[in-house]
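Read off the chains here:
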Protein chains: 2
Amino acid sequence: MPQPGTGGSRVQPAGGFGRRLAEAVVTKRSPVCVGLDPVLDRLPPGLVEAARRRYGRSFEAAARAFLEFGCAIIDAVAPLAAAVKPQSAFYERYGHRGVWALGETVRHAHRRGLLVILDAKRADIGNTSEAYADAAIGRSPLPGGRLAAACGADAVTVNPYLGEEALRPFVLQAAALGKGLFLVVRTSNPGSDEIQEAPLAGGGRVCDLAAGLAARLNALAEGEPGSPAPGPDGVRHRGDLGRTPGTGPCQPGYGPVGVVVGANRPEEAARLREILPRAWFLLPGYGAQGAGAADVLPFFDPDGLGALVSASRSIIYAFASAPTGPRQGGPPPYALAARAAVERMLFELQAVTARYPR
Amino acid sequence: MPQPGTGGSRVQPAGGFGRRLAEAVVTKRSPVCVGLDPVLDRLPPGLVEAARRRYGRSFEAAARAFLEFGCAIIDAVAPLAAAVKPQSAFYERYGHRGVWALGETVRHAHRRGLLVILDAKRADIGNTSEAYADAAIGRSPLPGGRLAAACGADAVTVNPYLGEEALRPFVLQAAALGKGLFLVVRTSNPGSDEIQEAPLAGGGRVCDLAAGLAARLNALAEGEPGSPAPGPDGVRHRGDLGRTPGTGPCQPGYGPVGVVVGANRPEEAARLREILPRAWFLLPGYGAQGAGAADVLPFFDPDGLGALVSASRSIIYAFASAPTGPRQGGPPPYALAARAAVERMLFELQAVTARYPR
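Trainee: Explain the sheet that holds strand S9 (residues 281–284) of chain B here, please?
Mentor: Residues and elements named next belong to chain B. Within the closed barrel, the eight strands sit side by side as S1-S2-S3-S6-S7-S8-S9-S10. Their pairing is parallel. Along the sheet, successive strands turn relative to each other by an average axial angle of 30°, direction set aside. Where strand S1 (residues 32–36) and strand S2 (residues 83–86) come together, four bridges link them in parallel fashion. Pairing of Leu36 across the sheet is with Pro86, part of S2.

Right under this line is the structure:
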């Protein structure tokens, strides 16, 4: 388990986020993202009790339990998942101790070769957005002038209500550092229709405005330093995975701005893909929230890419519904159950996605 | 300056948040909210340099500088302001150290008798919203069963894009603990029209949907435990400040759910007041963002209440444009400049708001 206090920046791999994500999905042969949603009363009781004995009934105990749990899950799923998605809220619930555990969990995921999408759904205006971008994916100025990463995630989820202009600081930071963002377009909750599905006077719905906003943010990122240079044909192929255009199937050029669409909304796929032919779709809600492989299939693009399918509770709490035997050395049983759950999920996805990259 | 590690919960004063805010405004004779937006390169250089000497070029140094700065501003403005509004982003920029400084700043504001509105613009779905509500205004479950507050703010700003249902956990937490929330309806940034002003097929604009959502959340809070009992006439007078209905001017009953509207949007006042006759309007952007007293006047209700006017940079960085002499003991010059800036703001507001409570 990592120890606190190392902090600081890390060198980012070359290439834009859209391309890095495509590489991870192709390399791992997996469009799976594992959501880390730690809730104290759903964690293995022995793990929580051990933290309580050592750190008392304290925020510190909760944070230590989350870190141990998250790291073990990460170790178990790293070979099978392209990314992890820690949900900031569950860590923030334990104040600065929780945020410490979040940062250490992110660093551990990076050590295991996973991309990290911080699910924080941030948005604000002007220099406040800059601060949020620094906090999640960027680097923050220190006294004396040095820069260092606070969280250092590879991407962050953002909220569209304040408009494109308010999100530009995220895009500039993302483009400069090879990071990404996922704009919330259509959420999985039952009450989401209220704003997102409201019909507009000019046709379409409010969530279409958000999708259009994501498209424009990607166009904005095109011109930023850090975005890949044009290929030999003068065209930017940001996600072409090193293939020379014209010599074979060219991967689509995914920009750094993706969208979040609930995995339980297959009816949205065709229309949103039309607005966003070259964006990554982050699809949370697979498993515990009711979506299955057939629901996410329509979101994949013709190259079998462009969709990152996220499951949280059905993976990290799989141990509760399928208890394994007592620990015999090696990974803890809850981590083995999580790995088995990802394997099942991959099998389900591969059964329906014929064009899935293998 | 407070020391770290005390953490824990505090007993909340009785009464709903809307009423507590009304009491603070009437008692202080001030509808002023001071925004705490600490940015390292705008802080007094001597303060930052002292932190750097003691804590190095580190997140810790930034966090310590923010805490010292925030506490001195709070000490200076406490008699003149109803509330402070720390902006979470600027603290999050420094990771867990920054979040520690935020928590200590909140506790210091409470010790000085100020209400604290955490500006975090959170929203998510289901149990994630619960976690955000716990983190900002509620109490979090600890290993072994105890509850303790992470941030312990009195209110938090939230985002409407995910709909009413997604925000219910915030309302339930607020109603149970006498806390509040401010729903973002209309922001001050130039690009905010894109979503917020989009005309709807059924008439009105998207931000009207958000305003209606705030009204319904307030209605939801009515029935929750913790909301004040009906008065002797059987009617709930949640903000009546102890006056008996029928014996004098009855203060309006403000619920725990207010709205955020940019102070530079006076044209919104009449329409939004119609939708929300009994809600608190938090009006950020006074001063540095260009809004003046005449702009916020239309938001006050007939009782001279219902509007909380927030200024950040024009107050906390007033020292930079109006340098004071060297320190002669007593509060630091930047704090005195902040107090003078609040005095000017109050004078401007009182000059135009004839019905202002005195």
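Next comes the rest of the description.
Trainee: In this structure, what is going on with the pattern of salt bridges? I would like to understand it.
Mentor: Residue and element names in this part refer to chain A. Tallied over the full model, the rule gives 48 salt bridges over all chains. Salt-bridge contacts for Lys85 lead to Asp119; the nearest nitrogen and oxygen are separated by 2.9 Å. In this pair, Lys85 sits in strand S2 (residues 83–86) while Asp119 sits in strand S3 (residues 115–122), placing the two residues 34 residues apart along the sequence. With relative accessibility at 4%, the residue Asp119 sits in the buried group. Taking the shortest distance from any N to any O, the salt bridge between Glu92 and Arg122 comes out at 2.8 Å. Of this pair, Glu92 sits in helix H4 (residues 88–92) while Arg122 sits in strand S3, placing them 30 residues apart in sequence. A single salt-bridge network, built from bridges that share partners, covers Arg186, Asp193, Glu197, Arg205, Asp208, Glu268 and Arg271.

Trainee: Looking at this structure, I do not really get helix H5 (residues 95–111) of chain B. What am I missing?
Mentor: Residues and elements named next belong to chain B. In this model H5 runs 25 Å from its N-terminal to its C-terminal C-alpha over 17 residues, within 8% of the 24 Å that 1.5 Å per residue would give. Counting buried residues in H5 gives 14 out of 17 residues, a clear majority hidden from the surface. Following H5 by one or two positions, Gly113 has its phi on the positive side, about 80°.

Trainee: Which parts of the structure should I look at to understand the side chain of His108(B)?
Mentor: Looking at the element boundaries, His108(B) is found in helix H5. A distance of 2.7 Å separates the side chain of His108(B) from the side chain of Asp75(B), its partner in a polar contact.

Trainee: Teacher, can you tell me more about the sheet that holds strand S8 (residues 257–261) of chain A here?
Mentor: Residues and elements named next belong to chain A. Taken in spatial order, the eight strands close into a barrel running S1-S2-S3-S6-S7-S8-S9-S10, and their pairing is parallel. In this sheet, adjacent strand axes meet at a mean angle of 30° when their direction is disregarded. Pairing of S3 with strand S6 (residues 155–158), which is carried by three bridges, proceeds in the parallel orientation. Residue pairing in the sheet places Arg122 in a bridge with Val158 of S6. Contacts from helix H1 (residues 17–28) reach S3, S6, strand S7 (180–186) and strand S10 (307–311), with the element oriented near 130° to S3.

Trainee: In this structure, what is going on with the interface of chain A and chain B? I would like to understand it.
Mentor: Much of the literature gives interface size as the accessible area that the parts lose upon coming together. On the chain B side, the residues contacting the 73 residues of chain A number 73 residues. Taking both sides of the interface into account, the surface hidden between chain A and chain B amounts to around 6000 Å²; carbon and sulfur atoms contribute 61%. On the chain A side of the contact with chain B, Arg93(A), Pro143(A) and Tyr161(A) bury the most area, a combined 14% of that side's loss. At the boundary of chain A with chain B, the tally comes to eight salt bridges. The salt bridge involving Arg216(B) is made with Glu194(A); its shortest N-O contact spans 2.1 Å. Applying the counting criterion to the chain A and chain B interface returns 35 residue pairs in polar contact (both at pLDDT 80 or more). If one sorts the elements of the side of chain A that touches chain B by residue count, helix H6 (residues 126–136) of chain A sits on top with seven residues.

Trainee: Where do I start with the packing of H6(A) against helix H7 (residues 164–177) of chain A in this structure?
Mentor: How two helices sit against one another is set out by the angle between their axes and by the gap between those axes. Residue and element names in this part refer to chain A. Axis separation between H6 and H7 bottoms out at 8 Å; the angle between their running directions is 35°. Helix-helix and strand crossings are classified by hand; for H6 and H7 the assignment is right-handed. Across the interface between the two elements, Gly126, Ser129, Glu130, Tyr132, Ala133 and Asp134 of H6 pack against Ala166, Pro169, Phe170 and Gln173 of H7. Its residues assigned to classes, the contact of H6 with H7 shows five nonpolar, three polar and two charged.

Trainee: In this structure, what is going on with unusual backbone geometry? I would like to understand it.
Mentor: The general pattern is negative phi for most residues beyond glycine and trans for most peptide bonds. With a phi angle near 55°, Arg29(A) is a residue other than glycine that sits in the positive phi range. Assignment of secondary structure puts Arg29(A) in the loop between H1 and strand S1 (32–36). At Lys121(B), a position not held by glycine, the phi torsion is positive, near 45°. As for its position among the elements, Lys121(B) is in strand S3 (residues 115–122).

Conventions adopted
Residues numbered from 1 in each chain as written. Chains lettered and ligands numbered in written order. Predicted model: local features only at pLDDT ≥ 70, side-chain atom pairs only at ≥ 80, totals over all residues. Heavy atoms only, no water. Pairing = 2+ DSSP bridges. Helix = DSSP H or I, 4+ residues; strand = E, 2+ residues; numbered from the N terminus. Axes fitted to C-alpha atoms, helices over the stretch in contact; angles between N-to-C directions. Salt bridge = Lys/Arg side-chain N within 4 Å of Asp/Glu carboxyl O. Buried < 20%, exposed > 50% of the residue type's maximum accessible area, 1.4 Å probe, protein only. Expected span 1.5 Å × (residues − 1). Polar contact = N/O pair within 3.5 Å; in protein donor to acceptor, adjacent residues only side chain to side chain. Contact = heavy atoms within 4.5 Å. Buried area = accessible area lost by both parts, 1.4 Å probe. Left-handed = near helix turned anticlockwise from the far one by under 90°. Nonpolar A, V, L, I, M, F, W, Y, C, P; charged D, E, K, R; others polar.

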